[in-house]
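Tertiary structure, described
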Amino acid sequence: MKNLELIAIVASIVLLGAYVLYGLIRAQQTQRRKQGRESRGKSREARVERQESRGKRQEARVVVLMLTALSFGQSAWAASSWTVAPPTYDANTHVTTFTVTRTGDLSVSETVRYSTIGLSAAAGQNFTAVQGQLTFGPDENSKSVAVTELTKQSNPAFAYQTGTSRSYRFMVTDMGGFYLAHRDRAITTGTSISGSSIYNVKDLTIQTAEYKITDDGYDKNAPKYIHSSTYFNAAAPSAYFSLAGAELRMTLTLDAKEDDDGYQYLSILTSTTAYDNRSGCKDGNPGNINNSLYMAGFEHNTGSKDENYKSYTFPVTSVGNNAGATNPWGYGTNYILSQQKFNTNRRASDGQLILPLGFSYVAVRGNASGSGDDDWYAKNVIAHIQAVDLQAPRFLSATANPGMHAKGDTVYVSVAFSEIVTVTGSPTLTTSWGSLGYLTGSGSNVLTFRGMI
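It should be emphasised that the depicted structure is a prediction, and the values quoted were computed from it without experimental measurement. (Residues numbered from 1 in each chain as written. Predicted model: local features only at pLDDT ≥ 70, side-chain atom pairs only at ≥ 80, totals over all residues. Heavy atoms only, no water.)

**What about the packing of aromatic side chains?**
Where two aromatic rings form a pair, the distance of their centres and the angle of their planes describe that pair. Put simply, the test is: Each Phe, Tyr or Trp ring, with Trp reduced to its six-membered ring, pairs with another whose centre is within 6.5 Å; inter-plane angles below 30 degrees give stacked pairs, above 60 give edge-to-face pairs, and intermediate values give tilted ones. Numbering of helices and strands starts at the N terminus; helices are DSSP runs of H or I of at least 4 residues and strands are runs of E of at least 2. To sort residues, take the accessible area from a 1.4 Å probe on protein chains only and compare it with the maximum for the residue type: under 20% means buried, over 50% means exposed, and anything in between is partly exposed.
Across all of its chains, the model carries 22 aromatic pairs by this definition. Ring geometry for Tyr225 against Tyr361: centres 5.6 Å apart, planes inclined by 90 degrees, an arrangement best described as edge-to-face. A residue pair is termed long-range when its members are at least 10 positions apart, and Tyr225 in strand E13 (residues 224-227) and Tyr361 in strand E21 (residues 361-369) qualify at 136 residues. Residue Tyr225 is classed as partly exposed on the basis of its relative accessible area of 43%. Ring plane angle 45 degrees and centroid distance 5.0 Å describe the contact between Phe298 and Tyr312, whose orientation is recorded as tilted. Taken together, the residues span a long stretch of sequence, with Phe298 in strand E16 (residues 294-300) and Tyr312 in strand E17 (residues 310-314) at a distance of 14 residues.

**A closer look at the environment of Gly132**
Rules: We call two residues contacting when some pair of their heavy atoms lies within 4.5 Å.
Inspection of the secondary structure assignment puts Gly132 in strand E5 (residues 131-136). Judged by relative accessible area, Gly132 falls into the partly exposed class, the value being 24%. Measuring from C-alpha to C-alpha, the distance between Gly132 and Gly403 comes to 8.2 Å, with 271 residues separating the pair along the chain. The contacts of Gly132, once residues within four sequence positions are left out, are Val112, Arg113 and Tyr114.

**Considerations on unusual backbone geometry**
Of note, the amide linkage connecting Phe314 to Pro315 takes the cis form, showing an omega dihedral of -10 degrees. Position of Pro315 among the secondary structure elements: in the loop between E17 and strand E18 (323-326). Positive phi, normally seen in glycine, also occurs at Asp283, with a value near 55 degrees. When you line up the elements, Asp283 lands in the loop between strand E15 (263-269) and E16. For Asp283, a relative accessible area of 57% gives the class exposed. In the Ramachandran plot, Asn327 falls in the positive-phi region, its phi being about 55 degrees despite a non-glycine side chain. Within the secondary structure, Asn327 is located in the loop between E18 and strand E19 (335-342).

**Some points on the nonpolar core**
For the record, the criterion: Among the buried residues, those of types Ala, Val, Leu, Ile, Met, Phe, Trp, Tyr and Cys that are joined through side-chain atoms within 4.5 Å form a nonpolar core.
Tyr231, Tyr240, Phe241, Met250, Phe314, Val362 and Ile385 are the most contacted members of the largest nonpolar core, which totals 56 residues. Ignoring anything within four residues of it in the chain, the contact list for Tyr231 reads Ile198, Lys202, Leu204, Phe241, Leu248, Phe359, Ile385, Gln386 and Ala387. Core analysis: the next-biggest nonpolar cluster, separate from the first, contains 18 residues, Tyr114, Phe136, Phe170 and Val172 among them.

This is the structure in structure tokens:
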């Protein structure tokens, strides 16, 4: 269509130019005849005028021929039909080869441009960008271009996406930058992230069966624990949460009952071997906090033994650090949070416990105190861990497709962010070239927009 429009415009110029030149020549011929009648004796001057007239006619022919040639020039740049075949991939070299083929009149030489365009993939991170020209001589109908695909990303933001692949485009245009053909290539790369569900709460069972906690100290009560992989396998890699600026928050639920009347204590750690000593652990005070992330002392029916299970949640999010509360679980004022303690910077803004992103274990230890034996039982110990995204995606870069750009051309702009983004609706990108519409990239950290200059 662009070629036809250009031909029509230039053809109009041809007609206008020819008409103007014809008028100039006719006017000069009329003037010459008048001069001949006035002075037929001036033959020498007449000969000069005839020579000038012949020169003007020759110039007119040259100009008309030039304009006529221009009217077919755009078509001549890429008169053939063009295709890009499905590419071939070499798994050993990680090189993909695209073959450009022309059909039609192969008797003429033609030159076209080629380039790669990032769609959800990014040049320099997922593949090596290429651009250049292909010149087809007479009877040549195909040429190939190699693109190297990258297996490691220098910026980890480009190593994660929803799904297992990203894509880029190999595009062919004429010398004026107008589209001829393309082929998209999907590459398997990076690590798959399961969309927004990675930010849902993951309920991870630490211990289901009933077990006894004694008053022998935190060190004598063996820890119940889960490995961090239990969480990260269900959500996303720790490195991705770090990249996204997320925070891991946790609460612990368990069922507890008494075997003897007393105070109950628990400690949450990220090690199976570390513990806090029992110094100061009495009268509802869980003790001095050093290795633990969180400690709590509570009473399962103060003043008397209660052999019935009740469910508890720690931390009590409505209660601050080094504080307690009566009836925080809704069982009455005899079921008391004596005191809870957070280690430095481990209480989240919503009152939950903050886990370090690089944690190895979630381990729970118990203890007890009181007069005589103070044993108690626990079961159904569950960690509820949630990644909270505290940081909006950050802009990294914006890249336009390489090559010649002119009014009427299609332009692509790829915008990269610091983490995976999900598109809803129909976003647009405003540029100095005009407004570009969203094309692809949702579920990766690269969004590509397309529009006409």
